[in-house]
Every structure is written in C-alpha cells, then in structure tokens.
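# A structural walkthrough
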Amino acid sequence: MREIYGHRPGRILIFILALSLIWYIFIVPFVVQHNNYLFLGWVPLVVVIWNIQTIVWLAAIYIYTTKYWPYR
Amino acid sequence: MLISIFILGILLVLISAYGYKLSSRSAADYMMAGRSIGTFVLFFYVYFAISSTWTFYGFPGTVYNSGPGFLMFFAFFPHAFLYIFLGPRLWAAGKMYGLLSPVQYLGERYESKSLQVMLAICMFGFLFPYLGIQSIGVGAGLAAATGVPYWVGAVYMAVLMILIVAIGGTRAVAWVNVLLGLIFSFCFIVFIFWVASNAGITSLSEAARKVTEMRPGQLSVPGPLNQWEPKNLIGLAIAGATVFCWPHVIIGTMQAKSIDVMRRMTYGMLAFSLLFCGVAWVWGAIITPLLVPGLKGTAADAVVQMAITKYLPPWASAMTVLAVIAAALSTAATQLLVAGIFVSRDIVLVGKSSAKDTQLITWSRIGMLAAVAGSLWLAFSRPTELGLMLSNIASPGFAQWLPAFVGAILWPRGNKYGAAAGTAAGVILLIIGNFFCKLLLLGFHPIVVPLVVNLFLYVAVSLATSPISKDTRKKFFDDLDKWLLITQTKQREQINKVQNQMSS
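Since we're looking at a predicted model, the values are computed, not measured. (Residues numbered from 1 in each chain as written. Chains lettered and ligands numbered in written order. Predicted model: local features only at pLDDT ≥ 70, side-chain atom pairs only at ≥ 80, totals over all residues. Heavy atoms only, no water.)

The helix and strand tally for chain B stands at 21 helices and zero strands. A compact globule built from 504 residues would reach a C-alpha radius of gyration of about 23 Å, and chain B, at 23 Å, matches this within 12%. The principal-axis extents of the C-alpha atoms in chain B amount to approximately 65 × 55 × 50 Å. Within chain B, contacts between residues at least 6 apart in sequence are counted, and of these 87% link residues at least 24 apart. Counting only carbon and sulfur atoms, one obtains 68% of the accessible surface of chain B, whose full area is about 17000 Å². Between the centroid of the 33 positive side chains of chain B and the centroid of its 16 negative side chains there is a distance of 4 Å. (Helix = DSSP H or I, 4+ residues; strand = E, 2+ residues; numbered from the N terminus. Rg over C-alpha atoms; globule rule 2.2 N^0.38 Å. Contact = heavy atoms within 4.5 Å. Areas by Shrake-Rupley, 256 points an atom, 1.4 Å probe, with all protein chains shown as cover. Lys, Arg positive; Asp, Glu negative; His and termini not counted. Charge placed at Lys NZ, Arg CZ, Asp CG, Glu CD.)

It is worth spelling out the overall build of chain A at this point. A count of helices and strands for chain A gives three helices and two strands. Order of helices (α) and strands (β) in chain A, N terminus to C terminus: α-α-β-β-α. Compactness check: chain A gives a C-alpha radius of gyration of 15 Å against a globular reference of 11 Å for 72 residues, more than 25% above the reference. Split into buried and exposed, the 72 residues of chain A put 46% on the buried side. Across chain A, the fraction of contacts at a sequence separation of at least 24, relative to all contacts at a separation of at least 6, is 53%. Accessible surface for chain A amounts to roughly 3800 Å². Of this, 73% is attributable to carbon and sulfur atoms. (Buried < 20%, exposed > 50% of the residue type's maximum accessible area, 1.4 Å probe, protein only.)

Counting 208 residues, the largest nonpolar core has Tyr-105, Trp-281, Trp-283 and Phe-405 of chain B as its most contacted members. Sorting elements by how many residues they give to this core places helix α8 (residues 150–198) of chain B first, with 23 residues. (Core = buried A, V, L, I, M, F, W, Y, C linked by side-chain atoms within 4.5 Å.)

Our next topic: a nonpolar patch on the surface. All names here are of chain A. Taken together, the side chains of Ile-12, Phe-15, Ile-16, Leu-19, Ile-52 and Val-56 present a nonpolar region at the surface, about 520 Å² in accessible area. When residues in the nonpolar patch are grouped by element, the largest group, four residues, is from helix α2 (residues 8–31). Within the fold, Ile-16 resides in helix α2. On the basis of relative accessible area, Ile-16 is assigned to the partly exposed category, the value being 33%. (Patch = residues over 30% accessible without salt bridge, like charges linked within 9 Å, V, L, I, M, F, W, Y side chains within 5 Å. Salt bridge = Lys/Arg side-chain N within 4 Å of Asp/Glu carboxyl O.)

On the side of chain A, 42 residues touch chain B, which itself brings 50 residues to the contact. For the pairing of chain B and chain A, the buried interface totals around 4100 Å² over both sides, and the portion due to carbon and sulfur atoms is 75%. When the buried area of chain B at its contact with chain A is split by residue, Phe-77, Phe-85 and Tyr-267 of chain B rank highest and sum to 18% of it. Between the two partners, chain B and chain A, sit zero salt bridges. (Buried area = accessible area lost by both parts, 1.4 Å probe.)

Confidence in the prediction for chain B averages 86 pLDDT; 97% of positions are at 70 or higher. Mean pLDDT in chain B bottoms out at helix α17 (residues 386–399) of chain B, which sits at 74, and peaks at helix α20 (residues 448–464) of chain B, which reaches 96. (pLDDT = per-residue confidence, 0-100.)

This part is about α8 of chain B. An ideal rise of 1.5 Å per residue puts 72 Å on 49 residues; α8 of chain B reaches only 29 Å between its terminal C-alpha atoms. Downstream of α8 of chain B by a residue or two, Gly-200 of chain B has a phi angle that is positive, lying close to 80°. (Expected span 1.5 Å × (residues − 1).)

This next bit is on the packing of helix α5 (residues 78–97) of chain B against helix α13 (residues 259–291) of chain B. Residue and element names in this part refer to chain B. It is at 10 Å that the axes of α5 and α13 come closest, and there the two elements cross at 165°. With respect to their mutual orientation, α5 and α13 come out roughly antiparallel. Two packed elements cross with a definite hand, and for α5 against α13 that hand is right-handed. Residues His-79, Ala-80, Tyr-83, Ile-84, Gly-87, Pro-88 and Trp-91 of α5 form the contact with α13, whose own contacting residues are Ile-259, Met-262, Arg-263, Met-265, Thr-266, Met-269 and Leu-270. (Axes fitted to C-alpha atoms, helices over the stretch in contact; angles between N-to-C directions. Parallel < 35°, antiparallel > 145°, perpendicular 65-115°, else oblique. Left-handed = near helix turned anticlockwise from the far one by under 90°.)

Attention now goes to the environment of Ser-220 of chain B. By secondary structure assignment, the location of Ser-220 of chain B is in the loop between α9 (204–214) and α10 (230–241). Distance from Ser-220 of chain B to Gly-67 of chain B, taken between C-alpha atoms, is 6.5 Å for residues 153 residues apart in sequence. Excluding residues within four positions of it along the chain, Ser-220 of chain B makes contact with Asn-35 and Asn-36 of chain A together with Pro-68 of chain B. In terms of polar contacts, Ser-220 of chain B uses its side chain to reach the side chain of Asn-36 of chain A, at 3.4 Å. (Polar contact = N/O pair within 3.5 Å; in protein donor to acceptor, adjacent residues only side chain to side chain.)

For the rest of this paragraph, the subject is unusual backbone geometry. Backbone geometry follows two general trends: most residues other than glycine have a negative phi, and most peptide bonds adopt the trans configuration. Of note, the amide linkage connecting Val-221 of chain B to Pro-222 of chain B takes the cis form, showing an omega dihedral of 15°. With respect to the secondary-structure elements, Pro-222 of chain B resides in the loop between α9 and α10. At His-34 of chain A, a position not held by glycine, the phi torsion is positive, near 55°. For His-34 of chain A, a relative accessible area of 57% translates into the label exposed. Despite not being glycine, Glu-111 of chain B has its phi angle at roughly 55°, a positive value. Inspection of the secondary structure assignment puts Glu-111 of chain B in the loop between α6 (102–109) and α7 (113–146).

Below, the discussion takes up the packing of helix α4 (residues 53–66) of chain B against α7 of chain B. Helix-helix packing: each pair is described by the crossing angle between the helix axes and the interaxial distance. All names here are of chain B. Remark: α4 packs on α7, axes separated minimally by 9 Å, with the N-to-C direction vectors making an angle of 75°. By the angle class used here, α4 and α7 are roughly perpendicular. Packed against α4, whose contacting residues are Thr-53, Trp-54 and Tyr-57, the element α7 presents Tyr-130, Ile-133, Gln-134, Gly-137, Val-138 and Gly-141 at the interface. Its residues assigned to classes, the contact of α4 with α7 shows five nonpolar, four polar and no charged. (Nonpolar A, V, L, I, M, F, W, Y, C, P; charged D, E, K, R; others polar.)

Structurally, Tyr-5 of chain A is set in helix α1 (residues 2–5). Those residues in contact with Tyr-5 of chain A that lie beyond four places of it in its chain are Arg-11 and Ile-14 of chain A.

Take a look at the structure:
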C-alpha cells in the first residue's frame, strides 16, 4: 500500500477505487429502489450499475498496474 | 447418467493420484504447490474456488426468488484489492519466511500464537456451512435429474472430495479445478442459449416483458418479495465486498509463482465475471421464471436443472449434473485444503517450527476428514436455501477476520489485543444475532453490525494498548517492501535485457 500511496498515480487510483466503493455500497442501494427501467428492454438498472462498477475497477487497475505500479 | 458421474469421479481421483506422483512430498509442495502456480491455473483455481454450487444453483435460485438485487453480492472487483494491494506482501512473506498459511502470517505479525489458534478455529468453523452447500447442491442436483435419494449425491460428493484432496494436495486440486472449471463454464454458458432456443425464446426483451407481467417486481429492486430494501441491499453489498477475505481465496496469493501472475489473474477474474455473472442472473431472473414458474424457497435451488431437464435431451441433463459436481468439487477441494492447513499449521502444530513435513501433512488430512464430517451433518440438516446459507452465514463469518487481516498487512499500529477483541466480539455477535437474538443485528444484514463492532474494537483497542515490537514491524513492513522492490526491479531488468537482445 505504501508503494501505491507514495506516488501521484497511486493516490489517484486509490481515490477512484474508494469513491466507486462508497458509491456501490451506500448510494446504489437507494438509487435502484423501485426503478423499473430496463436497459435494452431486458437489463435491470442494478445489473447495469454492477457491470459499470466492474469495468471501472478493471480499467483503473489495468492502467495503473501496467504503467505506474512499482512492482510491475 | 449415473455411470458418467461415476466415471468423472474415477477420472478426478486418477488426476489426483498423478499429482501425488509428481509432488515432492514436502509440506510446502502439498499445501502450497511449491509456490509455483502460473496465471492460467491460478485463475481457474481461484475463480472456481469462489464459483461453486451456489453459482450454478444458489445464485439463479435466489435471483429467481428475490429478483436481480442479489447480484450486488457478487462483487468480484474487491479481489483486485486483495491481489494488488495486499497480495504482494503476503506473497513475499511466504517466499521469504516460508509461511504456509495466511493465519500463520497473522500469528507472527501480531506476535501471538493464541491469536493464530483463535483465528484458525473461527475460519475452520465458518468453512462448514460453505462446504455443506456443496454437498447440498450435488444432492439436490442428482435428486432432480435422476430421482435418486438426496443423500446419495451428498455422500458421493463427500467421499470424492476427501479422496481428491487427501491424495493429491494443492497441485492436484489446482489441475482438477481447471478441468472442472471448463466443464462448469461450458454447461452454464452454452446451455442457456440452447434452452432459450428450444423454448422458443428469440428475444430477451420480449421474455423480460412476459416475466414482469407474470411476476411484478421480478426485474427490479427490491424484487417480488420486497427483500432488497436499501438496508438489506447495503448489507448484501458489504458482504459481497468482503469476499476477497475468504481464506480459500487469500491462500492463492501465497501459492502464486510471481506477482505478475497475481496481476494478470486479476484482469482475468474481473473480465470473466462480467460474462459469468451476466449468464447467472439471466438464468435466474428471465429464463427460469418464464420456463419453470411457481417455485418457492429451497425448491428454486434446482431451477436451472429443472429447465435443462425439461427443454434439453437427457445427455445434457446428465452433463449438467456433472457440471454441478464439478462446481461443487472445485470449491470444496480448495476449502478442504485450507481447512487442513489451518488444523495442522495453525492449530495442532502451532509454534512448532521444527514440525516434520509428514506431521504437517498427516494433521492436514485429519483436519480435512473432520471438515467433511461437519459438512455432511450440515447437508442433512439443511437449514435454509443455498444462496442465503452463503450470504447470511458463511460469508459474514469469514468477514470477521477482515479487520485483523487487512490491518496486519496495511496498518503497523494494529496489535494482537485489537485483533483478538475485534474478532471475538464480531464472531460472538454474529452467532448470537443469527441464531438466538435477531434484535442484536438491528434489522441489518447479518454482516453489518458484527463487522462494524469488530472494526471499532480492533482500532480502539490497538490504539489503547502497546504496539508491536520494532523488530516485527521491520520484518513485516520495511523488509518485505525492500525485498519486493529489489526482486521486481531485478526481474524487470532481466526482461528488458532479453527484449533488447531480441530486438538487436
């Protein structure tokens, strides 16, 4: 963790991941309540958000660990 | 069908026996596969240690009952936190100090053998419900597909998993998981298209419209039973976010060949989860409610099997049972190994650094037998539906060592008093709240209150008591970081050198 927090790209990564985690745990459960929207006519909102969350983490981790991670 | 299931069992035991033949008979080889697992095998080993019977039956079954909100539990993204933020130090400690389990890491990092034993007993105890799920899944699947009594599948599962793990150890289990993972993925992903095609489902949006007409709330949150209100959903999301600290997931960090293996496996897990969980929720939320309507409670656990039996030829139904057995075995085998390691390294032979390899392996096998016996007992008592047995009992239990585990790696100020107080309070609160006095959980998901109390006590008691010694701090923080940087820099230089030579 020190190796990640010790430089600017690492701090940006931690900020993005922390923000998305808070959003996922504490905001999404309220946002999706009683929402009948279906993306493409069959994908519920909670599933759309779940996918976006996973893709954000995948992209952030991929960029950081291939370009900036001290242990790369 | 029963013959093909029997043949699969023989094949897996043979793979295991081959793994035994290749192993060096040392404890590090038996428990850690010689710390040499590469990306491909580690991916299958870890992903299919997580994706088990509950992915095949419990996940679609619970979505079928309660709607797509249950997907919040399946958060694979926190695994990136484990493998990128925590994994390197665990991996380095295994390589540098020869540690054989994450609990041993905590015992030495917190300078307490008693804490090591306590944590190992807690984690061993919460492995039972999870192991029980596997036997239940196979029992229910075989019963639905062939009509044999439920206990036949449960006992078959128990015998097979003990044979594979006790004979072959980690290396064999990792290979077996690759084969089982491929069977599982093929059936789970390919059969959904086939079932939909045979049932005349040509448009998912049309199917979704019919499902919402048949059962209002099936495709929204809080779901048809109003189960996923914000309070419950927050708890479910927290439970999902703590999956990375399941002991049989963590142990992969100490068995990987290199840090690069962990990094690449993280990408693979996140990318594959998009496909795999996508298929699982479509099974549970759209396909099965339309094709096999009207099931309730634990009956929905076998809904995927029922849809396949109804719309596909008999051999596909038989293959699905094989896939469920594959799913169950890949998880159970990994869990059994971890249970065995906890019993030998962290409970019976704790503190005995001179313990012989044969002693370690023998006690591991005894621990595995005990774990299988406990899981069978649970399979026959079957207290609740599969998905909830995992999300409400096993997962909150594993989460109770999260503060001590993460703190051990990231927070030098954390000490044994904080870790012991937090974990003990969390586990006691979880057990009393789940089984005797639900009022203690304040209406939240079972994970929330025990974890918050646990975290508070860990931090408060650690700050109020004396820190760990300077030597231990240096050993588990400064020395590991230096070693990691040096090792990785050397490796990068070697790679650059080879690349330069190739280009010139």
